[in-house]
Amino acid sequence: MIIAKVIGNVVSTKKNEVLIGEKLLIVNPIKRKEENSWSLIEGENLIVAVDRVGAGIGETVLVVTGSTASKVIEHKNAPVDAAIIGIIDEIEIH
Amino acid sequence: MIIAKVIGNVVSTKKNEVLIGEKLLIVNPIKRKEENSWSLIEGENLIVAVDRVGAGIGETVLVVTGSTASKVIEHKNAPVDAAIIGIIDEIEIH
Amino acid sequence: MIIAKVIGNVVSTKKNEVLIGEKLLIVNPIKRKEENSWSLIEGENLIVAVDRVGAGIGETVLVVTGSTASKVIEHKNAPVDAAIIGIIDEIEIH
Amino acid sequence: MIIAKVIGNVVSTKKNEVLIGEKLLIVNPIKRKEENSWSLIEGENLIVAVDRVGAGIGETVLVVTGSTASKVIEHKNAPVDAAIIGIIDEIEIH
Amino acid sequence: MIIAKVIGNVVSTKKNEVLIGEKLLIVNPIKRKEENSWSLIEGENLIVAVDRVGAGIGETVLVVTGSTASKVIEHKNAPVDAAIIGIIDEIEIH
């Protein structure tokens, strides 16, 4: 999983029916700068992820990518490759 | 999922039988330049995606990649790794 | 899926039994240079793909990567992550 | 699989229910500098992985990524894309 | 699939039980320099792969990555994302 920050959302009216009603958030992966300082990874790394844990803008989240991301949705044919699976309270680097 | 723009299509007569009749669009991932300005990512990033939502040339779309992309096709043996699953009306960055 | 050109093949006598008899072609992804000009992507991008559509050296093909590539083979335990699923007649960029 | 070093962990109270009770470690992939010298890969490569083998901070581990990582958890709907599957005693380069 | 060279192995005593007894080889992807000259790709590309075809150090092999790599192991819950599926006798570039 990767660590990312929620920075926005996507509005799509015409979409795959399994996605109707799903919250589609834009997350930006973050990287570690120094001991306990993290920053957004600039560039081409924006991901649109399904959110089922109630994440909000600005929160740091745990994002799963690839086919298992579709497991957060009950429907067995969910065409989803990214999902927010946790809101991160703390990142501990030792 | 990633955000991309539809820029073309592929014509293939001789192909895997599950793909017969499918619309194969070429999409170019986009990246955020400034607050609300987006541009095509140059280079090696073109993806050929199955379209089942009726996307047109020039539209901004939501693209799923990897094995769950094959879920947009009913056939259980679809050799597909990219699909357009939504037409994006608006991208909101906060 | 990605667009690539067939540039060679691999000979392997000792291999996983599901792959016996399969044609293993080397494909080189291509990128768009200008409007309708395409070139091989140099470097580290060679992929060995199973071919079931009868592609030949020099042809431009559609390549699926990841686990769904294994769907072109009937065997349910095919350890395959890339397959040629179509011969491209034309690439149309609008 | 990749070789990585455990450098920290993530605390998440609000998360997907399948992840409750799982240890979520932060691993940093390592690369080979010289014959038998390895160093952390700097930059954007931090991965959050589920640990079921009892790895500790500072240990060198084997990490599986992608959908099969979810197999370390008994639950069939685990939204997991990275897991520690072994503690490495020795890396032998010949 | 990718073309790689076997350069070493990993020793892990404490590991996922499905991996007990499996040979875990370190492979280094190779790239084409000139017509028929190949070299190791330097840097961060080392992969640990399960070997079931009896590959030895120094041999050029075909490596499958991603979830289908787990198909080389009979166990349905194998957390494996890379496997050697063939020993390459010859690479033919036309």
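This write-up is about the structure you can find in this document. (Residues numbered from 1 in each chain as written. Chains lettered and ligands numbered in written order. Predicted model: local features only at pLDDT ≥ 70, side-chain atom pairs only at ≥ 80, totals over all residues. Heavy atoms only, no water.)

## Brief notes about the overall build of chain A
Then, number 1: Of regular secondary structure, chain A possesses 0 helices and 7 strands.
Then, number 2: Relative to a compact globule of 94 residues, whose C-alpha radius of gyration would be 12 Å, chain A shows 14 Å and is just as compact.
Then, number 3: Here the C-alpha coordinates of chain A stretch approximately 45 × 25 × 20 Å along the principal axes.
Then, number 4: Counting only contacts in chain A whose residues sit at least 6 apart along the sequence, the fraction spanning at least 24 positions is 57%.
Then, number 5: Carbon and sulfur atoms make up 46% of the accessible area of chain A, which amounts to about 3,900 Å² in all.
Then, number 6: The average position of the 10 basic charges and that of the 13 acidic charges among the side chains of chain A differ by 6 Å. (Helix = DSSP H or I, 4+ residues; strand = E, 2+ residues; numbered from the N terminus. Rg over C-alpha atoms; globule rule 2.2 N^0.38 Å. Contact = heavy atoms within 4.5 Å. Areas by Shrake-Rupley, 256 points an atom, 1.4 Å probe, with all protein chains shown as cover. Lys, Arg positive; Asp, Glu negative; His and termini not counted. Charge placed at Lys NZ, Arg CZ, Asp CG, Glu CD.)

## Remarks on the side chain of Asn 16 of chain B
Then, number 1: Summarising the element assignment, Asn 16 of chain B is placed in the loop between strand S1 (2-11) and strand S2 (23-34).
Then, number 2: Reaching out from Asn 16 of chain B, the side chain makes a polar contact with the backbone nitrogen of Val 18 of chain B at a distance of 3.0 Å.
Then, number 3: Sequence-distant contacts of Asn 16 of chain B, that is, excluding residues within four places in its chain, are made with Pro 79 of chain B together with Val 53, Val 72 and Ile 85 of chain C. (Polar contact = N/O pair within 3.5 Å; in protein donor to acceptor, adjacent residues only side chain to side chain.)

## Some remarks on the arrangement of the chains
Then, number 1: One finds no contact linking chain A with chain C; the least C-alpha distance across the pair is 10 Å.
Then, number 2: Separating chain A from chain E is a minimum C-alpha gap of 10 Å, and the two share no contact.

## Focus: the relation of the copies chain C and chain B
Mapping one chain copy onto the other needs a rotation about an axis and a shift along that axis.
Then, number 1: Of the transformation placing chain C onto chain B, the axial shift is 0.0 Å and the rotation is 72°, giving an RMSD of 0.0 Å. In the structure described here, the two chain copies are related by an operation that fits a five-fold rotation axis.
Then, number 2: Looking at chain C, a mere 4% of its interface residues are interface residues in chain B too, so the copies touch through different faces. (Least-squares fit on C-alpha atoms with pLDDT ≥ 70 in both.)

## Concerning the pairing of strand S4 (residues 47-51) of chain D
Then, number 1: Within S4 of chain D, 5 of the 5 residues are buried, which leaves the element mostly enclosed by the surrounding structure.
Then, number 2: Residues Ile 47, Ala 49 and Asp 51 of chain D of S4 of chain D are buried on one face, and the alternating residues Val 48 and Val 50 of chain D, pointing to the opposite face, are buried as well. (Buried < 20%, exposed > 50% of the residue type's maximum accessible area, 1.4 Å probe, protein only.)

## Focus: the interface of chain C and chain B
By convention, interface size is frequently given as the accessible area that disappears when the constituent parts associate.
Then, number 1: At the junction of the two partners, chain C supplies 27 residues and chain B supplies 30 residues.
Then, number 2: Overall, the association of chain C and chain B removes approximately 2,200 Å² of surface from exposure, summing both partners, and the carbon and sulfur fraction of that is 57%.
Then, number 3: Here chain C is connected to chain B by 0 salt bridges.
Then, number 4: Counting the contacts that link chain C with chain B gives 14 residue pairs in polar contact (both at pLDDT 80 or more). (Buried area = accessible area lost by both parts, 1.4 Å probe. Salt bridge = Lys/Arg side-chain N within 4 Å of Asp/Glu carboxyl O.)

## A closer look at the pairing of strand S2 (residues 23-34) of chain A
Each regular strand displays side chains that alternate between the two surfaces of the sheet.
Residue and element names in this part refer to chain A.
Then, number 1: Bridge count for strand S1 (residues 2-11) against S2 is 5 bridges, and the pairing is antiparallel. Bridged to Val 6 within S2 is Val 27.
Then, number 2: The pairing of S2 with strand S4 (residues 47-51) spans 5 bridges and is antiparallel. Directly across from Ile 26, in S4, lies its bridge partner Val 48.
Then, number 3: With 4 bridges connecting them, S2 and strand S3 (residues 37-40) associate as antiparallel partners. Residue pairing for S3: Ile 30 is matched across the bridge by Leu 40. (Pairing = 2+ DSSP bridges.)

## Some details on the interface of chain B and chain A
Then, number 1: On the chain A side, the residues contacting the 27 residues of chain B number 30 residues.
Then, number 2: Contact between chain B and chain A buries roughly 2,300 Å² in total, counting both sides, with carbon and sulfur atoms accounting for 57%.
Then, number 3: Here chain B and chain A share 0 salt bridges between them.
Then, number 4: For the pair chain B and chain A, the interface holds 14 residue pairs in polar contact (both at pLDDT 80 or more).
Then, number 5: If you list the elements that add at least two residues to the side of chain B that touches chain A, you get S2, strand S5 (60-65), strand S6 (82-87) and strand S7 (90-93) of chain B.

## Structural notes on the relation of the copies chain B and chain A
Then, number 1: Placing chain B over chain A gives an RMSD of 0.0 Å and needs a rotation angle of 72°, together with 0.0 Å of translation along the axis.
Then, number 2: The two copies present different faces, since only 4% of the interface residues in chain B are matched by interface residues at the equivalent positions in chain A.

## A look at the pattern of salt bridges
Residue and element names in this part refer to chain D.
Then, number 1: Throughout the structure, instances matching the rule amount to 15 salt bridges over all chains.
Then, number 2: One salt bridge in this structure joins Glu 74 and Arg 52, with 3.0 Å as the shortest N-O distance. With Glu 74 in the loop between strand S5 (60-65) and strand S6 (82-87) and Arg 52 in the loop between S4 and S5, the pair connects residues that are 22 residues apart, well separated along the chain.
Then, number 3: On the basis of relative accessibility, which here comes to 38%, the residue Arg 52 falls in the partly exposed class.

## Thoughts on the environment of Asn 45 of chain A
All names here are of chain A.
Then, number 1: Along the chain, Asn 45 falls in the loop between S3 and S4.
Then, number 2: We classify Asn 45 as partly exposed; its relative accessible area is 28%.
Then, number 3: The spatial distance from the C-alpha of Asn 45 to the C-alpha of Asp 81 is 14 Å, given a sequence separation of 36 residues.

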